[in-house]
Each structure stands twice: as structure tokens, then as C-alpha cells.
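Chain by chain, the residues:
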Amino acid sequence: MTRIEILFLFLFYPLIPINAARTISLPIGGLFNSYTQPSSKEAFENIIKMGDSKVYYGKTMYSDAEDSYSTALELCQHTSENNGIVALIDARATNGLCDTVCLLCNRFNIPHLSLGWEPPNTLTEEIFTFSYYPPPDLISKAYARLIKDLEWDKFSILYEDDNSFIRLHEIINTWPQEKKPIVFRKLDPTGDNKETFKYILKAVHISYHVLDCDINNVFKYMREIMQVENSTEYLSFVLTDLNSYTIDFNDIPSLLANISTMHLTTSGDDKWTDIGINKNKGAIRLESALVVDALNHVEKAIRAMQQAGDEEGPSISLRPHLPPEPPSICYKDSKADYEAFAWASGNILREALLNTTALGFTGNIQFDEGGRRTNFTLHYSKLSNDGQFVNIGHWDSKTDFITKENYVTDRSRALVYNTKIRVATRDEKPYYGIYENPNGTSEYRGYAVDLIDAIFEEIKEKENVELEYEFYIVDGNKHGNLIAGTNKWDGLIGDLIEHKAELAICDLTITSERNAVVDFSIPFMSLGISMLFKEPDPVDPDMFSFINPLALDVWLYLATTYIIVSFVLLICARMSQDDWVNPHPCNQNPENLQNIWSLYNCMWLTMGAIMTQGCDILPRGKGSRWTAGVWWFFALIITASYTANMSTFISNERRSNEITNVKQLSEQTKVSYGAVYNASTYNFFKNSNNSVYQKIWSVMVSAKPKVFTNNNEEGKERVLKSKNGNYAFFMESTAIEYFRQRDCRLKNVGNKLDSKEYGIAMPKNYPRRAWIDNAILSLQELGRLTALQKKWWEEEGDSQHCDKNAKSEDDGGSLQMKNTSGIFLVLGVGGILGLIVAIIEFLFHARQISVKEKVTFREAFASEWRASLNPRQLHKPAAPPRSAPPSPGSQSPRRERSQSRAVSVLRAASSFINFDEIY
């Protein structure tokens, strides 16, 4: 505008038409102080200088005051004497408060364009304040979504001032109550925070952290963390300052932590050059971007307001009855004075700002009725291995959803390729132990070594990364349990938490308690709790098991009764006249009567009755028949009882009385049982709600002597040493199978009580976890996991292949030879005794023949032997032929008398017992 035009405007201003008011430039102030970024003031002034707009002009106001009251006094000086402003861009950090400057602007209806964060409750009260900084509740909502997407199970919030609880309240309020509580710790920007970090990292073992601090202090805190924790690759941070993406972490290259952040602006925007800002001097902060966006937005609002005035009438004009300039922003004595000097067009400009949207460095600029920023997008970035943040997605305030557009390798995983991995394990076969080599040497080998080899081979093939590792046995050879009264763990889990090892592999069960402090790979082996028993000691075959249906005293009474009844029957038969019969029925007047009931025949009748075979002779007398009938009834009961008891005995012998399931085990008291103390099986029974398992647990805890052991090997030995299998041991089915393959005296009883899995443990946030998971899946699909298990369970070591040595024949429940061999023995002994008796009888008969026929014993024996043993000859002579006449003088009188006496005694006995007459 030339001087003539300005003079013309000054002289003829009252005559200018009202619609020309849209060409009037309105004053906009920019308030800065020593805490604002130099680039913010520079950007404000550059835009004012180089702008072609006629709708506003800028006033730069710089304050050296430390407090808001003094700043307000300086603002009064800048706006006095007709130097008022229609809007104030306040670049100062107000720390979430509407200070004196903010209040004065609201009293005079001057839009206060704040660039700092404002609590939502103050914006609703101060309606002329517009917060270009996104609302803290939406920012914290975005970070809450990020934490959820990162799948953090527990984390800490590290803050510098109490305003963090306002800025992060959505993170706090949305955190699920069932998860671990958030740990809060305040940091001192000027002091030493190493003790705080020791507690967070070493005492409570937290790997995930929200760091809410000024970006100028980030390096200080990171260096203190590195002094406390050497293994920073396990740590993850979320930086809440929206300028955090501008930090260059190349200054601390040894920091391997994963760091994420969100931001409104991007570092690659070339529009800064257009407004004269050199990005090479330093990163452009959010504050500077908000200054530019506020200027652009207010310009667009004024233009929209003036265009609306052209169409619908004057919306803002310098009419004669209105003050030509906005009021000075100074203190007044009363509320009425503020209202009297308030800018009347302030409401019109406020409405224009609310209804105008713009697109700037910070994205979409739009406000709700309370002057809060709405409908905006936050960029999501992660720190890459070159120390720079890389944008990988964005968060939308309307959907509360993070959209990922790029992939960036975690910094921790990208920078630790060449480090040797320490693998912790336990000295327990078959996972890791000393094995003999064919050449006579020995070395530590096992399933765990082969599995790690296979996993790293898969990683090398798919990721083209070759990893080195070394095994070591953990102190105490323990799996790992929480030390009572502390937050520390021992064993494998303790070494992982302390970052002494990167991996831990053995028979390590995945449990909720362990998973809360370390991470696990996907399972490489499935199993369950089962019972280890000792095979029953082999019992010598009972050859005389046929005797068992009747007790020994019954057998003795039966034998005694058999003899007594036989004698009673003999007496009754001898006394009964009906049992004396005519030996020659054709002779009606016999001289002699005959009685067939000798002791031999009586015993034969009673034997035939009890054997249910009958007899070819029967009693005729009333007494003898009554005696025989009673004996038959007795024999019937005895035989039937024996048969029934024999059947029951055989059934009971086939039926096993051994324990087959855990319920039977809980209902008996003969067999005691235990588990490894404070291991996963121990905790399973301890924490179970099942009534049977609770009963098992109560019995184990109260048992004396103690039934718990220090390890599985000790439990196995206790099972083997138990008498009659009166001790059972609960352990994982895989361990039972391993022991069974090496000792055939052991057996697995019952089904699995639960389902659990073994996994490779690693510290929280381990960078190579995805690689290990993918490798295990690949090995599982190829069948190599099954092959490895078969190798170390069945082939390696001192396996006895018990399954192959099992019985080749199944008895099917039938009666075995070992139980009936006694019957064959009785048969053989009886046959031999019968043969001996027959031989003795044959010799006596030959002797009788030799005496009767006056021949030698040899001749009589030979003749009877030939006739008796010739199966084709059915008849023989009554007496053998004599070889020579008897010699009457060949024997002495004494010999003849002794022979006569012997013959008379034999005949007398024979006449009583009648051995020779059998009918």
C-alpha cells in the first residue's frame, strides 16, 4: 500500500462502504519468552514479514518475566495506546493452567490461542481459549491403545511432575484391574535417579516403561538406566512427549532398548523452507509448528468471517459507534469495567474459529465447542537401529485405532546379532547330561543341545543370521521359584530375570507364575502329570494252588473224617447180616457166607463218593447204607464247596488289586505318595480346586516321614526302594516315560491328571523371541521334534527297551500252568506210588507162587512177568510150570517153620482185610 493510499484511507475512512471492511488488517499478537523455542518466534516473524495477506498483521511481544502476573503487566504495555490485538498466540508453556494472561484475554473477549496443553475442565470455563495442543485425555488415550497393542503385561510410569497424572490419566484408568498394578516413580531432573532405576529394574523386574518427561532430560535418564542395567535390549520405553521423535539416539549407541513414541508433526516436511526456517540448525519442535498452524487458522477464520459479512451483512467492521481498535489487555478495577471494554466482535471471531477447519503442519485443525482440538491424527514411530525414529503408522482420534503402515525391526534385535547367547539348563538327563562317546570320551549332550542346534539352524536358514551359543548349568540345578519374603527368584528363572542368561531350556513347565516374570516360546513338548509305580515283585508259582479253595485245617479234618468213616463203614458192613452173602448163588445151602467189605473196599467206596465217581460195589445193610448215604451227602457238600471256591479263587487271582487311578490312590492308606518339592506338580496339587486333588495334597503335606523329594531322580529311587510298591511318585509323563525305558521295574499308572507344556524361557521383551517361535513351529511341522524325543528317550543312553521285552503271549485271563502244576505233580506222584505198590504186589505174588508151587522165586517171577506184560496174551495159567520136583530135604526145619509161621500170619491178616478178594 502506497503512502497516497494510506493518506486517502485516513482522510476518507468514514466514507468507505461497509463491505470494504474485509480489506482491513486486524492485529494478531504473538507472546514469547525465554522458555519458548527460538524457531517459534522466528517462524511467527517470518510469516508476518513475507505474508501477502491483508486480513491481519502481527505484533511480536517478548516477555522476560518469570511469573504470569508480571507477564500480564508487560502485555498491558504492548497493547496500550490503541495497540490492541484481536487474537493472542501464546507460545509460553503454562503447565496446564489458564494463567493471568489467559484470564485477561477471556475477560476482554480476545481469543487466546494457547499452544500448551490445557486440562479439559479449564477450557469449558474459559470459552475464548483455543488449545492447539491436543487434549491430554486424547493423547493418553492414544498411548493407552499403544500399550495394549504392544501387549504389555505390567509396566511403570516414570514422571517428573504431578501433572503427569493429568496427562496420563487415560492410561491409568483403562489399565485392567486383574493385571499387575502400575508402578509409579518420580524422577529428579537434576538429581541422581539410579536407586529408583535399581528398584524398578532389579527389585520388581519391570521391562516396560512409560517415560513422561521433558525431552531434554531423556538422555540423562537413559544413561542412568544403562549404569544400572547392562542388558538394555530387554527394555522397552514409550516416550510421551510429542517432540520425542526428534531425538537423535546416535549419541548413545550402546542403548539397545526398544523405544516408541507418537507425534503430531513429521520431520520430513519441506514446507519449513518455504517460510525461511532452516531445519539443519536443529529439529523443529511441535511448538513452532503450532505457531504456524495457529496463524494460518486465524487467517482462514478472518477470511471466512469477512466473506460471510459480504453475503449476509457486516460481521466485523469499524463502525463509528464502535472503538476503532480492540481494547488494551490490562487489569481493571471491576468486572463491570472488563465488560465495558470487552471487544464486541470477539464472539464473532470466536465463532469463526470454531467453524473453520485448516490443514497444517500438525494435521487437521478443528475444534469442538469447548475450544478443544478434535478429529486429529497422531503419527506412530519406533526407534530404528540407526538411532532415528521411523514412522510405522498412525492413530486416529475418531476410531481410537492404530493403523500400521510400515515395519521396522526392533532396535534390540537389530543391534545384538553378534553377541554369544548364554543358555541356562539343568544337569538332568535326557535334556542335558554327561554321555559316553564311542571313542571312550564323555561330554555334555542331550535333548536340549540338539533342540537349540536345530532352532538356530532354522534361524540361519530363514533369517540368514548365524547365532552362537554356550550352555551352562545353573547354580543349585533348580528350575526356579520365588524366594520367600522377597521379589527374587532362584534357579533358571532367577538367572533370566537377572539377565545372566538369554535362554533357559530343560523340563521347564510353562506356568502363570513363571510367565509373569519371564517370557516363554511356543511349547516344544506336551505332557501331563501321572503316577510312577514300581512293578510288583515276581511271585513264585504256587504249584498247589488247587489246595487253596479249602483251608489247611479243612483238608486235615477231611482226611481224618475219610479214614474214620471208612472204618465206621467197615464195622457197620461187618455187623450187618445183609452184607454177608452166598458166594455161590447156585448152591442153595452154602456152608460159608462171604462179606466183601474189607477196609480196602470201604476206603474205595468213600473215595469214589467224594470224587463223584461212584463205585462198582454198594452196601446192602441198613446201617451200612445209612452210613454211606450220610457220607455221600457230606461228599456232595464238600465237592460243591470246593468247586465253587476254586472258581472264586481263580477269579480273584485274575483280578488285580493294584491301584489304577488317582481316585483309588486317594481312598487307600497303604501306599504313600509324593512329588518334587515346590515344583510345578507340587503347585498343581497345592492350588487345585478338585476335591480328589485337594485330598491328595492334604495327605502329602501331613505325611510323616515327608513324601516330597528334591528332584525326580530322588523320587524314582524312592519308588524303587519301596517294599511291595507302597510308594508312588507324581511327575511329568515325559520323565516317567524316560525312566521306564531305562528300568523295567517301573510303570506308569493311570491317565494324565492335567495338560501342561514345556517351553524355552527367556527374559521379558527378548528380541529374538519371534525367530525362536517360528523355528519351533517349523521343526514341529517337519516332524523333527518327534524324532528328537524318540532319539533321547528310546535310543540314547542305557535304554532297556522294556516294551520289547514284555510278554509275548497274553493269557487272556485263563488258568496258567504255574497254578496247575501241583495237580500234575500229584498225578505223577500218585502214579509212581501206584506203580511201586503194583511192583511190590507183583513181587509178593511171585513169592507166593514160588512157595505154593515149590519153584524158585526167579522161575515164578519170570513166568508171571512174561504172562503179565504180554499185551497180546489175555489168559495165563493158574500156576507156572515146575522146572524140577521139589526137594524135600533142601530146606531146614527151622526155615520151614518160619515160612509156615509167616504164611499163617499173612493169611490171618488177609482173612480180616480181604486184600485178595475184589468184586
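In this text, all values refer to a predicted model and were calculated from it rather than measured experimentally.

Here is what the cut-offs are and how they apply
- Residues numbered from 1 in each chain as written.
- Predicted model: local features only at pLDDT ≥ 70, side-chain atom pairs only at ≥ 80, totals over all residues.
- Heavy atoms only, no water.
- Helix = DSSP H or I, 4+ residues; strand = E, 2+ residues; numbered from the N terminus.
- Buried < 20%, exposed > 50% of the residue type's maximum accessible area, 1.4 Å probe, protein only.
- Contact = heavy atoms within 4.5 Å.
- Areas by Shrake-Rupley, 256 points an atom, 1.4 Å probe, with all protein chains shown as cover.
- Salt bridge = Lys/Arg side-chain N within 4 Å of Asp/Glu carboxyl O.
- Pairing = 2+ DSSP bridges.
- Patch = residues over 30% accessible without salt bridge, like charges linked within 9 Å, V, L, I, M, F, W, Y side chains within 5 Å.
- Axes fitted to C-alpha atoms, helices over the stretch in contact; angles between N-to-C directions.
- Parallel < 35°, antiparallel > 145°, perpendicular 65-115°, else oblique.
- Left-handed = near helix turned anticlockwise from the far one by under 90°.
- Nonpolar A, V, L, I, M, F, W, Y, C, P; charged D, E, K, R; others polar.
- Disulfide = S-S within 2.5 Å.

Chemist: For this particular structure, what's the right way to read the overall build of the protein?
Modeler: Within the protein one finds 31 helices and 30 strands. Expressed as a percentage of its 919 residues, the buried residues of the protein come to 47%. Once local pairs closer than 6 in sequence are excluded, the contacts in the protein between residues at least 24 apart make up 70%. Here the protein displays about 49000 Å² of accessible surface, and carbon together with sulfur accounts for 54% of that area.

Chemist: Is there a simple way to explain the pattern of salt bridges in this structure?
Modeler: Once the charged atoms of two side chains with opposite charge are near each other, the side chains can pair. This structure, assessed with the given rule, holds 34 salt bridges. One salt bridge connects R784 with E457, and the closest N-O pair in it is separated by 3.8 Å. Taken together, the residues span a long stretch of sequence, with R784 in helix α28 (residues 784–795) and E457 in helix α16 (residues 447–463) at a distance of 327 residues. Judged by its relative accessible area of 33%, R784 is partly exposed. The class for E457 is partly exposed, based on a relative accessible area of 46%. Measuring nitrogen to oxygen at the nearest pair gives 3.7 Å for the salt bridge that ties D754 to K756. Salt bridges here are not isolated pairs; linked through shared partners, they connect D153, D519, K764, R769 and D773.

Chemist: Help me understand the pairing of strand β27 (residues 727–732), please; the structure alone is not making it clear to me.
Modeler: Here is the key point about a regular strand: its side chains alternate between the two faces of the sheet. Counting buried positions along β27 gives six out of six residues, so the element sits mostly inside the fold. With four bridges connecting them, strand β23 (residues 529–534) and β27 associate as antiparallel partners. Following the sheet pairing, M531 is matched in β27 by F730. Sheet topology places strand β26 (residues 672–674) next to β27; three bridges connect them, and they run parallel. What sits directly across from G674, in β27, is F729.

Chemist: What is the right way to look at a nonpolar patch on the surface in this model?
Modeler: Together, V829, I832, L833, I836, I840 and F844 line one region of the surface with nonpolar side chains, adding up to about 550 Å² of accessible area. Looking at where I832 falls in the secondary structure, it is placed in helix α29 (residues 817–852).

Chemist: Can you help me understand helix α10 (residues 218–228) in this one?
Modeler: Because an α-helix packs 3.6 residues into every turn, residues spaced three or four apart end up facing the same way. Among the 11 residues that make up α10, eight are buried, leaving the element largely enclosed by the rest of the structure. Within α10, the full set of buried residues consists of V218, F219, Y221, M222, E224, I225, M226 and V228. For α10, the secondary structure elements touched by its buried residues are α9 (194–203), β8 (208–212), β9 (236–239) and β10 (258–263).

Chemist: Looking at this model, I keep getting lost on the packing of α9 against α10. Mind explaining?
Modeler: How two helices sit against one another is set out by the angle between their axes and by the gap between those axes. Two elements in contact, α9 and α10, have axes whose closest approach is 9 Å; the angle formed by their N-to-C orientations is 60°. Classified by the angle between their axes, α9 and α10 sit oblique to one another. Considering how the two elements wind past one another, α9 and α10 form a crossing that is right-handed. Contacts between α9 and α10 involve K194, F197, K198, L201 and K202 on the former and, on the latter, Y221, E224, I225, Q227 and V228. A breakdown of the residues in the contact of α9 with α10 according to their chemical character gives five nonpolar, one polar and four charged.

Chemist: Help me out: how do you make sense of the state of the cysteines in this one?
Modeler: Two cysteines joined by a covalent bond between their sulfur atoms form a disulfide. Evaluation of the coordinates by the stated rule reveals two disulfides. Residue C76 pairs covalently with C330 via a disulfide, S to S 1.7 Å. Taking the sign of the S-S torsion, 95° for the link of C76 and C330, the bridge is right-handed. Residue C76 is found in helix α3 (residues 68–79), and its partner C330 is found in the loop between α12 (286–312) and α13 (335–341); the two are separated by 254 residues along the sequence. With relative accessibility at 8%, the residue C330 sits in the buried group. In this model, C98 is linked to C102 through a disulfide, with the two sulfur atoms separated by 1.9 Å. Its torsion about the S-S bond being -85°, the disulfide of C98 and C102 is classed as left-handed.

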